[in-house]
Amino acid sequence: MRDSFARTLSAPPRLLPALVRGVVTAPLKRLPPHEDASLPGTRLVLPGARIDPGRLASYARICGFPRDGAVPLPYPHVLGFPLALRIMTEHHFPLPVLGLVHTWIEVSGRRALTAGDRPALTVYAERLAPHRRGTEVIMVTEARIGDEPVWMSRGAYLARHGTHTPHPLYGARPSHGAAPADDAPDAAALLAATARWRLPARLGRRYGAVSGDRNPIHLHPLAAKPFGYPRAVAHGMWTFARCVAEAETGRGAPRAARARAEFRAPVPLPGTVTYVSRSSPSGVAFELRDGAGARVHVTGELSSASARRP
C-alpha cells in the first residue's frame, strides 16, 4: 500500500462521476494485478454524515426491517459506499471496479444509531488478498460519534481472473473472511427452513437506487452477461441485510450487535430462495439457499447486544 494519508470531505462523493470513472478506467486495469501493484493510501473522512429519513425508510422496506426510525445494523455500509467507490475508482486502484463481486462482510455496532445521529465516517482499502478465483480487496468502513467508535465493517470484493500460478504479490498470506459454515459439523442438518422469498427481476435496480450500488451485474441480464452471468444477480449486501432482518424480527429476537456473512454463490434474479436458521443463546446462525433448499448462496451468523462479552 502507498503511504497512508487522510482526506477530509465536505460532502459525500457524487456517485455518477465515480461510476463513469470506473467505466473509463476498467480497461486499463491489469488482471492479475502486476507484482508491484499497491493500493491507494487514501483514508477518506466524512464528518457528520447525514442519515436521510426517507432513504432510511426505503432501505428498511426493501430489506425487511421495521420502519421505526432505528438504523439497521448493516445500514452504515450504505452511508460509506460513496467513499468506498471513490477509492476503488482512483487511478492507482489496481482492480477494475466493474464486475467486482462481494465475497464476505463483517459488521459490528457498539451502540444503536438513530436517524438523528451524524456519525463521522472513515473508509479505506486495507489490503489485497489471494482468492481461489482471483484477487480480493479488503475494504474497511468506520463510524464515530465524537471520539466514540460506534460501528465498523470489513469486507472483501473479488476481481475474478485465472489463478493457475502463484503470484508474488500475495506471498503466502491467506485470504481472511467470514468463517465458512462447513467448519461446524453437520451444521446444515441443524438448520430449519423458516421463510421463502420470491425475488423479482427488478430487485437489483430497486436496491441499487437505495444503496447507490449500480454495479451492472445487478441491474439487467444484458448488463450482467459481459461479466459471465446469464442473469442479473442480487446484491450481496441486500441478501445479508434481508437475512439479518429475518433473524431479528422472525422470532422476536433483539437487534443484532454483530453479524457476518460469506457470499458463496450468486443469487440469480428473478428467483426463489429459502432462509434457514438455528437459534442459540449467543445468537443466530443462518443460510440462504435456493428454492429447493439444495444450493447454499449465503452463510452467516449474528449476535445481539445482550450476548456480547463485557
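Small disclaimer: the values here were computed from a predicted structure and weren't measured.

Description of the side chain of His235
Stage number 1. Tracing the sequence through the fold places His235 in the loop between helix 6 (221–224) and helix 7 (236–249).
Stage number 2. Of note is the side chain of His235, whose polar atom sits 2.8 Å from the backbone oxygen of Asp213.
Stage number 3. When neighbours within four sequence positions are excluded, His235 is seen to be in contact with Gly204, Tyr207, Gly208, Asp213 and His218.

Considering empty space enclosed by the protein
Stage number 1. Here the structure, examined in full by the defined rule, presents two cavities of 30 Å³ or more.
Stage number 2. Empty space within the largest cavity amounts to approximately 70 Å³.
Stage number 3. Around the largest cavity sit 13 residues that line it, and His77, Met139, Thr141, Ser153 and Tyr157 are the ones nearest its centre.
Stage number 4. For the lining of the largest cavity, the element with the most residues is helix 3 (residues 76–88), which contributes four residues.
Stage number 5. The residue makeup of the lining of the largest cavity, split by class, is seven nonpolar, six polar and no charged.
Stage number 6. The space that makes up the second largest cavity amounts to roughly 40 Å³.
Stage number 7. Around the second largest cavity, the lining residues are His77, Val78, Phe81, Tyr207, Ser211, Asp213 and Met237.
Stage number 8. Among the secondary structure elements, those contributing two or more residues to the lining of the second largest cavity are helix 3 and helix 5 (203–211).
Stage number 9. The element that contributes the greatest number of residues to the lining of the second largest cavity is helix 3, accounting for three residues.
Stage number 10. Considered class by class, the residues forming the lining of the second largest cavity number four nonpolar, two polar and one charged.

Here is what the cut-offs are and how they apply
Residues numbered from 1 in each chain as written. Predicted model: local features only at pLDDT ≥ 70, side-chain atom pairs only at ≥ 80, totals over all residues. Heavy atoms only, no water. Helix = DSSP H or I, 4+ residues; strand = E, 2+ residues; numbered from the N terminus. Polar contact = N/O pair within 3.5 Å; in protein donor to acceptor, adjacent residues only side chain to side chain. Contact = heavy atoms within 4.5 Å. 1 Å grid on protein atoms, 1.4 Å probe; cavity = no way out; pocket = protein on both sides within 12 Å on 5 of 7 lines; lining within 4 Å. Points joined across faces, edges and corners; volume = space filled by probe spheres on them. Nonpolar A, V, L, I, M, F, W, Y, C, P; charged D, E, K, R; others polar.

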